[in-house]
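Chain and residue survey
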Amino acid sequence: MTKGGFLTTHVLDTARGMPAAGMTVRLYRVSDISHEKIAEAVTNEDGRTDEPILPAGEFETGQFELVFHVGDYLRANAMAGDAPLFLDQVPIRFGISDGDAHYHVPLLVSPYGYSTYRGS
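This write-up is about the structure you can find in this document.

Criteria and thresholds
Residues numbered from 1 in each chain as written. Predicted model: local features only at pLDDT ≥ 70, side-chain atom pairs only at ≥ 80, totals over all residues. Heavy atoms only, no water. Phe/Tyr/Trp six-rings, centres within 6.5 Å; stacked < 30°, edge-to-face > 60°. Helix = DSSP H or I, 4+ residues; strand = E, 2+ residues; numbered from the N terminus. Buried < 20%, exposed > 50% of the residue type's maximum accessible area, 1.4 Å probe, protein only. Core = buried A, V, L, I, M, F, W, Y, C linked by side-chain atoms within 4.5 Å. Contact = heavy atoms within 4.5 Å. Pairing = 2+ DSSP bridges.

Enumeration according to the criterion identifies three aromatic pairs in this entry. Summarising the aromatic geometry, the rings of Phe-64 and Phe-94 are spaced 6.2 Å apart at their centres and angled 25° between planes, so their arrangement reads as stacked. Note that Phe-64 is positioned in strand S5 (residues 62–69) and Phe-94 in strand S6 (residues 89–96), a separation of 30 residues in sequence. The two residues Phe-64 and Phe-94 agree in class, both being buried. Between the aromatic rings of Phe-86 and Tyr-112, the centroid separation amounts to 6.1 Å while the plane-to-plane angle is 40°, which identifies the pairing as tilted. Placement of the pair is Phe-86 in the loop between helix H1 (70–76) and S6 and Tyr-112 in the loop between strand S7 (102–110) and strand S8 (113–116), with a sequence separation of 26 residues. In terms of burial, Phe-86 and Tyr-112 fall into one category: exposed.

And the structure:
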């Protein structure tokens, strides 16, 4: 059921201490039998997507996965190091249970580690 909530994300480059601009982020709806891409965006100069990656009109409860294309970002910023990269694509699978809430899933990333949490 479509509700009034929405999903946002942003990426912080903890190695350089700044927003991660220019990173591709893909959103998938996930179930036991499918993995369907429903949105794609690139982070802006503030490390955020210009619009919610899942806006209110399309927001639903269920299982989702954000895939952050960290490797491409690292290569573009001369931070990749030797191949293969330690981190290339970082998937974060999460559930949305409240169809009227704002869910915010940030990624804090460096070439060798990352963390996330449910933000506000």
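Moving on, we come to the nonpolar core. Membership of the largest hydrophobic core comes to 30 residues, with the highest contact counts inside it found for Leu-7, Leu-27, Phe-68, Val-70 and Phe-94. Of all the secondary-structure elements, those providing two or more residues to this core are strand S1 (6–13), strand S3 (24–30), strand S4 (35–42), S5, H1, S6 and S7. For Phe-94, the residues in contact, after removing those within four places along its chain, are Leu-7, Leu-27, Gly-62, Gln-63, Phe-64, Glu-65, Leu-66 and Val-105.

If you walk across this open sheet you meet the four strands as S2-S1-S7-S8, and the pairing is mixed. If you trace the sheet from one side to the other, it starts and ends with strand S2 (18–19) and S8, each paired once. With eight bridges joining them, S1 and S7 adopt parallel strand pairing. In the strand pairing of S7, Leu-7 is matched with Tyr-103.

All we've got here are geometric facts, nothing functional implied.
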